[in-house]
Amino acid sequence: MSDDGTSGHYRVGETALLAVVKEAEPVVGRWRWRFDSSASAGVPAHVTVLVPFLDIDRIDAAVIDELRVMFGGHSPVTVRFEECGRFPDVLYLAPTPDQPFRALTEAVAARWPEAPPYGGQFAEVVPHLTVAHRQPAHVLDETEAALTVRLPIIADVGSVSLYVSDGCGWRSRAEFPLVG
């Protein structure tokens, strides 16, 4: 999730499309709560499909219907989180397979090119479940060591959720089942 650089404050009306991973919460929840500000802002364990998406004032019934049809064309997926990965100052769990998440992101980005993943910051989007963000290396090392012994996590991802920021936190606004 993106923030404006001040702890706990997000842009009002920003939206995100997230594949919530309920099965991961018991394993990563306490670490995310401590080391990922999005957790305390109301965002559950997830793999991001697309952030930022359209501002909420651009999301009308037609966009909701289009998302429902688009995601409904994708199948639910059973995913395994068997190992940790790193970006600079980020510890994450890597989903296997990751292609279903890539396909979801590509579908949304192709339909709404004005909303590129992560604002177009990265050449390649790597599906991941963030556990710790903006932490020193020793915190990431300790967290990874504690998590590794609790892996794998096996999860059934059957929907994508639309989350909306109110400026302080995030709330689920809609859920779109993956039907296939």
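Located above this text is the structure these notes cover.
In what follows, the accompanying structure is described.

**Section: helix α5 (residues 137–148)**
Part 1 of the argument: Between its first and last C-alpha atoms α5 spans 16 Å; for 12 residues at 1.5 Å apiece the expected length is 16 Å, and the two agree.
Part 2 of the argument: Taken together, the buried positions of α5 are V139, L140, T143 and L147. Viewed along the axis of α5, the buried residues span an arc of 95 degrees, placing them on a single side of the element. Projecting away from the buried face of α5 at angles above 90 degrees are the exposed residues A137 and E142.

**So, the sheet that holds strand β3 (residues 77–87)**
Part 1 of the argument: The four strands lie next to each other as β5-β4-β3-β6, forming an open sheet whose pairing is antiparallel. Where the open sheet ends on each side, the last strands, each with one partner, are β5 (129–133) and β6 (153–157). For this sheet, the mean inter-axis angle between neighbouring strands, taken without regard to orientation, is 35 degrees.
Part 2 of the argument: Two strands pair when backbone bridges link them, and β3 and strand β4 (residues 90–96) are joined in this way by seven bridges, in the antiparallel orientation. Pairing of R80 across the sheet is with T96, part of β4.
Part 3 of the argument: Packed on one face of the sheet, helix α1 (residues 25–35) meets β4, β5 and β6 and runs near 40 degrees to β5.

**Some details on unusual backbone geometry**
Part 1 of the argument: Cis geometry is adopted by the peptide bond preceding P97, which originates at T96 and carries an omega value of 0 degrees.
Part 2 of the argument: When you line up the elements, P97 lands in the loop between β4 and α4 (99–111).
Part 3 of the argument: Note the cis peptide between L151 and P152, where omega equals 10 degrees.
Part 4 of the argument: Residue placement: P152 occurs in the loop between α5 and β6.
Part 5 of the argument: Of note in the backbone geometry, D89 takes a positive phi value of approximately 60 degrees without being a glycine.
Part 6 of the argument: Owing to a relative accessible area of 36%, D89 belongs among the partly exposed residues under this scheme.

**A few points about the nonpolar core**
Part 1 of the argument: Membership of the largest hydrophobic core comes to 47 residues, with the highest contact counts inside it found for L17, F53, F71 and L129.
Part 2 of the argument: Looking at which element gives the most residues to this core, the answer is helix α3 (residues 61–72), with five residues.
Part 3 of the argument: When sequence neighbours within four positions are dropped, the list of residues in contact with F71 reads L17, V49, L104, V108, V160, F176, P177, L178 and V179.
Part 4 of the argument: The next biggest cluster of nonpolar side chains, apart from the first, holds 10 residues, and it includes A16, L18, V43 and V51.

Rules used in this analysis
Residues numbered from 1 in each chain as written. Predicted model: local features only at pLDDT ≥ 70, side-chain atom pairs only at ≥ 80, totals over all residues. Heavy atoms only, no water. Helix = DSSP H or I, 4+ residues; strand = E, 2+ residues; numbered from the N terminus. Expected span 1.5 Å × (residues − 1). Buried < 20%, exposed > 50% of the residue type's maximum accessible area, 1.4 Å probe, protein only. Arc of directions from axis to C-beta. Pairing = 2+ DSSP bridges. Axes fitted to C-alpha atoms, helices over the stretch in contact; angles between N-to-C directions. Contact = heavy atoms within 4.5 Å. Core = buried A, V, L, I, M, F, W, Y, C linked by side-chain atoms within 4.5 Å.

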